[in-house]
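# Observations on chain architecture
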Amino acid sequence: MKTPRQLLDGFTARFGTAAKIYRAPGRVNLIGEHTDYNDGFVLPAAIEFYCWAVAAPRNDRKLVIHSENFHQTIETTLDSLTPLGRGHWANYPLGVAWALERTEIRLKGANIYIAGEIPLGAGLSSSAAIEVAVAFALLRESGHELGLAELAQLCQRAENEFVGARVGIMDQFVSCHGRASCALLLDCRSLEHRLVKLPDDIQLVICNTMVKHELASSEYNLRRAECEEGVRKLRTVFPEIRALRDVNLRQLEAQRRILAPKVFFTENERVKRAVAAFDAADLQALGPLMQDSHRSLRDDYDVSCDELDLITEIAVAQPGVIGARMTGGGFGGCTINLVESAAVNDFKRNVAAEYFSRTNRNPEIYVSSASEGVQQIDITQNPPAE
Ligand code: GLA
């Protein structure tokens, strides 16, 4: 990955002016999967993998956006923002411009140079990171400020309505609000949130199965529709409920026969117990919670895959592992492993070797601390480590 200075030079070589540098992180979710769009609780952490947006304002209403990853430049105007083809990378930056323009805010045109270091399609929220980085850059370059919660909601709206993925609020929210050394407990109904300090001597170790599931976004939208259908059915018995969040396990068990098994929903409770475990520094309690979470996503919710199951099984057998589970939307992608710092090197070596011997795939394994949310990077005053 290039340094911020090199990215800035890349911008200047292409657009011929000075610019500012912004970045927004990807995320892992420690627990609370597929709960955000059910109005539940999540516990993600921002990671030290970013989408960078180098930007300068223009005097007209044009947007000229270059993607370093896709070696492509697109040009359009803020007055005619429409999605490009399905799955086009530019739909994310264009989508946030579209969502911002639908508020009171009047944007300036901009030249933007985007470079992402978050693996694409790996369940680490490269989409939210590009949305948040570009939206933040567009706002700043137009001389506007917006609260971070509102920024996250606008980015979610871009993804829901412009890109066409019916994602919840988790990824955008933590890409805005992440803090170093902390996970973020978020109530996805009220958007109340608080930081949960992570122990100093553990690392977030992310195992990429290298499986990209072609059906991920259609299956995701289907799960969400099934949950909404479940709520409609449950409301015939419990008219006061608004989302699966409002149903307790006893009510759910009693009505199991009217629900598709996939909407059987137990994850919310585990988030609260995991937060209590972090608060009490009771790390032993986390392993079983993470394992139950994985099992439930595999068996009840059907969003795992063989490779995620296998790499989790290999991981939990390693010394120094506090807990392991799939993270993100599923159907491929990554697992999150909480690993004692001293055990990380052996963990990486052993997991990679065993996974390769059983699948013939070489996993990528990334180690990260919990990181800061979106920010502007000033390389003259505070040079980041290069
Ligand atoms: C994706 C979505 C999130 C969330 C997770 C599953 O990452 O973007 O909103 O639903 O899947 O927890």
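A short tour of the structure in this document, coming up. (Residues numbered from 1 in each chain as written. Predicted model: local features only at pLDDT ≥ 70, side-chain atom pairs only at ≥ 80, totals over all residues. Heavy atoms only, no water.)

## A few points about empty space enclosed by the protein
Tallying each qualifying case throughout the model produces two cavities of 30 Å³ or more. For the second largest cavity, the calculated volume is near 30 Å³. As for the second largest cavity, its lining consists of L30, I31, A274, F278, L286, M290 and L338. Elements that contribute at least two residues to the lining of the second largest cavity include exactly α8 (267–279) and α9 (286–299). Looking at the lining of the second largest cavity residue by residue, the classes come out as seven nonpolar, no polar and no charged. (1 Å grid on protein atoms, 1.4 Å probe; cavity = no way out; pocket = protein on both sides within 12 Å on 5 of 7 lines; lining within 4 Å. Points joined across faces, edges and corners; volume = space filled by probe spheres on them. Helix = DSSP H or I, 4+ residues; strand = E, 2+ residues; numbered from the N terminus. Nonpolar A, V, L, I, M, F, W, Y, C, P; charged D, E, K, R; others polar.)

## Considerations on the side chain of E141
Locating E141 in the fold gives a position in helix α3 (residues 126–141). Of the side chains with opposite charge, K20 comes closest to the buried, unpaired E141, at an N-O distance of 4.2 Å. Apart from the residues lying within four places of it in its own chain, the contact partners of E141 are K20, Y22, A55, A56, P57 and K108. (Buried < 20%, exposed > 50% of the residue type's maximum accessible area, 1.4 Å probe, protein only. Lys, Arg positive; Asp, Glu negative; His and termini not counted. Salt bridge = Lys/Arg side-chain N within 4 Å of Asp/Glu carboxyl O. Contact = heavy atoms within 4.5 Å.)

## Here we look at the site of the ligand
Every residue close to the ligand is listed here: R27, E33, H34, D36, Y37, V167, G168, M170, D171, Y220, G328 and G329. Taking R27, its side chain carries an N or O atom lying 2.9 Å from an oxygen atom of the ligand. Between the ligand and the protein, one listed contact pairs an oxygen atom with a backbone N or O atom of G329 at 3.4 Å. Residues of the shell around the ligand, tallied by class, amount to four nonpolar, four polar and four charged. (Near = heavy atom within 4 Å. Polar contact = N/O pair within 3.5 Å; in protein donor to acceptor, adjacent residues only side chain to side chain.)

## Quick look at the sheet that holds strand β1 (residues 20–29)
Sheet architecture is open: six strands sit in the order β5-β4-β6-β3-β1-β13, paired in mixed fashion. Edge positions in the open sheet fall to β5 (72–77) and β13 (375–377), since each of these has one partner strand only. For this sheet the average axis-to-axis angle between neighbouring strands, irrespective of direction, equals 30 degrees. Note: β1 against strand β3 (residues 44–57), nine bridges, orientation antiparallel. Counterpart to R23 in the pairing with β3 is W52. Strand contacts of helix α2 (residues 91–101): β4 (62–67), β5 and β6 (110–116), with the helix running at about 150 degrees to β4, the strand carrying the most contacts. Along the sheet face, helix α5 (residues 170–177) touches β1 and β3 and points at about 125 degrees away from the line of β1. (Pairing = 2+ DSSP bridges. Axes fitted to C-alpha atoms, helices over the stretch in contact; angles between N-to-C directions.)

## Observations concerning the sheet that holds strand β9 (residues 202–208)
Pairing within the open sheet is antiparallel, and its four strands lie in the order β10-β11-β9-β12. Unpaired on one side and paired on the other, β10 (321–326) and β12 (364–368) mark the two borders of the sheet. The sheet shows a mean angle of 20 degrees between the axes of neighbouring strands, direction not considered. Note that β9 and β12 share five bridges and pair antiparallel. Each bridged residue has a counterpart across the sheet, and for N208 the counterpart in β12 is E364. Sitting on the sheet, α9 is in contact with β10 and β11 (334–340), with an inclination near 15 degrees to β10.

## Here we look at the pattern of salt bridges
Enumeration over the complete set of coordinates arrives at 26 salt bridges. Between R27 and D171 there is a salt bridge, and its shortest N-O distance comes to 2.8 Å. Of this pair, R27 sits in strand β1 while D171 sits in helix α5, and the two are 144 residues apart along the sequence. With a relative accessible area of 17%, D171 lands in the buried category. Note that R194 is salt-bridged to D279, the shortest N-O span being 2.7 Å. Of this pair, R194 sits in strand β8 (residues 193–197) while D279 sits in helix α8; the two residues are 85 residues apart in sequence, bridging distant segments of the chain. A cluster of three or more residues bridged by salt bridges with shared partners is formed by E33, E267, R270 and R325.

## Here we look at the nonpolar core
One finds L30, L43 and L204 to be the most contacted residues of the largest nonpolar core, which totals 84 residues. For this core, the leading source of residues is α3, giving 10 residues. Membership of the second largest hydrophobic core comes to 20 residues, among which are I241, V303, C305 and M326. (Core = buried A, V, L, I, M, F, W, Y, C linked by side-chain atoms within 4.5 Å.)

## Looking at the packing of α3 against α5
At a minimum axis distance of 9 Å, the contact between α3 and α5 shows a crossing angle of 50 degrees. The angle between α3 and α5 places the two elements in the oblique class. For the element pair α3 and α5, the recorded crossing hand is right-handed. Residues A128, A129, E131 and V132 of α3 touch α5, and the partners they reach there are D171, Q172, S175 and C176. Residues of the contact of α3 with α5, tallied by class, amount to four nonpolar, two polar and two charged. (Parallel < 35°, antiparallel > 145°, perpendicular 65-115°, else oblique. Left-handed = near helix turned anticlockwise from the far one by under 90°.)

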